[in-house]
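In case you want the letters, here they are:
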Amino acid sequence: MNKRLFLKEILNLDLLSFFIYIMTKLDFKLFKEMSSKVSPLIWLLIFLLFALLYLFKALRIKILNSEFQVKKTYIITAYHNFFLMLLPLKLGELAYIKKLKEENITVTKSLSDVILFRIYDLFLVGLFSMAILLFSNVVGKGYSILFLSIFLVACLTFIIYPSLFYKLIPSNQKSNLLKKTATKLKDVIGSNNLPVSKKTSLFIYTLFIWLISFSIWVVLLTQITEAELLSAFLASIISTITTFLPINLPANIGLTQGGWMLGFYVANLPLDIGLAFSVFANAVYVIYTTLIFFISKLFIGNN
């Protein structure tokens, strides 16, 4: 067995064990109380925020695939996110490639889309992280301003002159396999040769994607735990960072719980409530992702 795959399997077993441990420690009475604190109006608001989140993701896909209508990119988004939630080890990314292949889009092109999306996602989550740290005083303001400035410069540089980042990918290794992989990665990333205006739009849409995504959990956190706005944002961002790890189990169980527990710890929120909220948030994510997937199929269809 491949060593990397073996390591991922071990980590997945750890996540599963952690999830089982969380469930044994969960106060289900507290879990029930959390549900009762969310009014029907708030549940409707959460649904609308999820729908809006998918709309901006659909618009982002359309930037890279202008031949598609928004209706088409919305169902692709719903399909992609559903299988990202459903499948382990980020295999859900293949759902995007499969859907685009059905539209005669090459694997290289769709793969470059995914890589670009994740690069922009990482930049924006990093940007939000530095901004929240700046205002929350978790680290010194001097360090926060420095990190925030670096991220801003990095984002702008990627938009204006992305070839600088391609040069960071090594291509002179002695191993032929590494050399071929690095060269292929450059070719894949470079296949999306977008004008600055489209890259700016991509940046703006990604900004709204993450702003809405964080807002969903901030709304729930402030309703359920009465946490301050800044603490809720900080916990949401910390929990989100862990989702970039390629070691998730189906429905992100284990990883979601660990992310929220870490978020509550960093934001100095009660860990006993964080334990229950981590399971609650995971359930909300699974339910709404599934709901939007089937609603999209029902009202928009596959075409």
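Conventions used here
Residues numbered from 1 in each chain as written. Predicted model: local features only at pLDDT ≥ 70, side-chain atom pairs only at ≥ 80, totals over all residues. Heavy atoms only, no water. Phe/Tyr/Trp six-rings, centres within 6.5 Å; stacked < 30°, edge-to-face > 60°. Helix = DSSP H or I, 4+ residues; strand = E, 2+ residues; numbered from the N terminus. Buried < 20%, exposed > 50% of the residue type's maximum accessible area, 1.4 Å probe, protein only. Polar contact = N/O pair within 3.5 Å; in protein donor to acceptor, adjacent residues only side chain to side chain. Axes fitted to C-alpha atoms, helices over the stretch in contact; angles between N-to-C directions. Parallel < 35°, antiparallel > 145°, perpendicular 65-115°, else oblique. Left-handed = near helix turned anticlockwise from the far one by under 90°. Contact = heavy atoms within 4.5 Å. Nonpolar A, V, L, I, M, F, W, Y, C, P; charged D, E, K, R; others polar. pLDDT = per-residue confidence, 0-100. Expected span 1.5 Å × (residues − 1). Core = buried A, V, L, I, M, F, W, Y, C linked by side-chain atoms within 4.5 Å. Salt bridge = Lys/Arg side-chain N within 4 Å of Asp/Glu carboxyl O. Patch = residues over 30% accessible without salt bridge, like charges linked within 9 Å, V, L, I, M, F, W, Y side chains within 5 Å. Areas by Shrake-Rupley, 256 points an atom, 1.4 Å probe, with all protein chains shown as cover.

Digging into the packing of aromatic side chains
This structure, assessed with the given rule, holds 24 aromatic pairs. Aromatic pair Phe-50 and Tyr-288: ring centres 5.2 Å apart, planes at 5°, arrangement stacked. In this pair, Phe-50 is assigned in helix 3 (residues 40–64) and Tyr-288 in helix 13 (residues 271–299), connecting sequence segments 238 residues apart. Overall, the relative accessible area of 8% leaves Tyr-288 in the buried class. Judged by centre distance (6.0 Å) and plane angle (55°), the ring pair of Phe-56 and Tyr-205 falls under tilted. Of this pair, Phe-56 sits in helix 3 while Tyr-205 sits in helix 10 (residues 196–224), and the two are 149 residues apart along the sequence. What makes Phe-56 buried here is its relative accessible area of 15%.

Notes on the side chain of Ser-278
Along the polypeptide, Ser-278 turns up in helix 13. Within the local environment of Ser-278, its side chain forms a polar contact with the backbone oxygen of Leu-275, the two atoms lying 2.7 Å apart.

Quick look at the packing of helix 4 (residues 70–86) against helix 5 (residues 93–101)
Relative orientation of the contacting elements helix 4 and helix 5 amounts to 150°, with a least axis distance of 7 Å. It follows that helix 4 is roughly antiparallel to helix 5 by the angle criterion. Taken as a pair, helix 4 and helix 5 cross one another with a handedness that is right-handed. Residues Ile-76, Tyr-79, His-80, Phe-83 and Leu-84 of helix 4 lie in contact with helix 5, whose contacting residues are Glu-93, Ala-95, Tyr-96, Lys-98, Lys-99 and Leu-100. By residue class, the composition of the contact of helix 4 with helix 5 is 7 nonpolar, 1 polar and 3 charged.

Describing the confidence of the model for the protein chain
The share of residues in the protein chain with pLDDT of 70 or more is 70%, and the mean pLDDT across the chain is 80. Across the protein chain, the element-wise mean pLDDT spans from 56 in helix 1 (residues 3–25) up to 96 in helix 3.

Examining the environment of Ile-75
Assignment of secondary structure puts Ile-75 in helix 4. Relative accessible area serves as the criterion here: at 2%, Ile-75 is assigned to the buried category. The sequence separation of Ile-75 and Ser-296 amounts to 221 residues, and the corresponding C-alpha distance is 6.0 Å.

Section: helix 4
Along its 17 residues, helix 4 runs 24 Å from first to last C-alpha, staying within 8% of the 24 Å computed at 1.5 Å per residue. For helix 4, a buried count of 13 out of 17 residues is recorded, marking the element as mostly surrounded by other parts of the structure.

Brief notes about the nonpolar core
In this structure, Ile-46, Phe-50, Trp-217, Leu-220, Trp-260, Phe-277 and Phe-280 are the most contacted members of the largest nonpolar core, which totals 64 residues. Broken down by secondary-structure element, the contributors of at least two residues to this core are helix 3, helix 4, helix 5, helix 6 (107–136), helix 10, helix 11 (229–242), helix 12 (255–266) and helix 13. Ranked by residue count, the leading element in this core is helix 10, at 13 residues.

What to know about the pattern of salt bridges
A side chain with one charge can pair with a side chain of the opposite charge if their charged atoms come near. Inspection of every chain in the model, using the stated rule, returns 7 salt bridges. Two residues, Lys-109 and Asp-113, come together in a salt bridge whose shortest N-O distance is 2.8 Å. Of this pair, Lys-109 and Asp-113 both sit in helix 6, 4 residues apart, which is roughly one turn of that helix. Neither Lys-109 nor Asp-113 differs from the other in exposure class; each is buried. Among the charged side chains, a network of salt bridges with common partners joins Arg-60, Glu-93, Arg-118 and Asp-121.

Details of helix 10
In a regular helix each residue adds 1.5 Å, so 29 residues correspond to 42 Å; helix 10 covers 42 Å between its end C-alpha atoms and thus fits that length. Taken from the residues just after helix 10, Glu-226 is the one with a positive phi, measuring 60°.

Re unusual backbone geometry
Backbone geometry at Glu-226 places phi at a positive 60°, although glycine is not the residue there. Considering the arrangement of structural elements, one finds Glu-226 in the loop between helix 10 and helix 11. Judged by its relative accessible area of 70%, Glu-226 falls in the exposed class. In this model, Asn-268 sits at a positive phi of 60°, which is unusual for a non-glycine residue. Tracing the chain through its elements places Asn-268 in the loop between helix 12 and helix 13.

Quick look at a nonpolar patch on the surface
A surface patch of nonpolar side chains, amounting to about 430 Å² of accessible area, comprises Leu-291, Ile-295, Leu-298 and Phe-299. Relative to the helices and strands, Leu-298 resides in helix 13. Overall, Leu-298 belongs to the exposed group, its relative accessible area being 64%.

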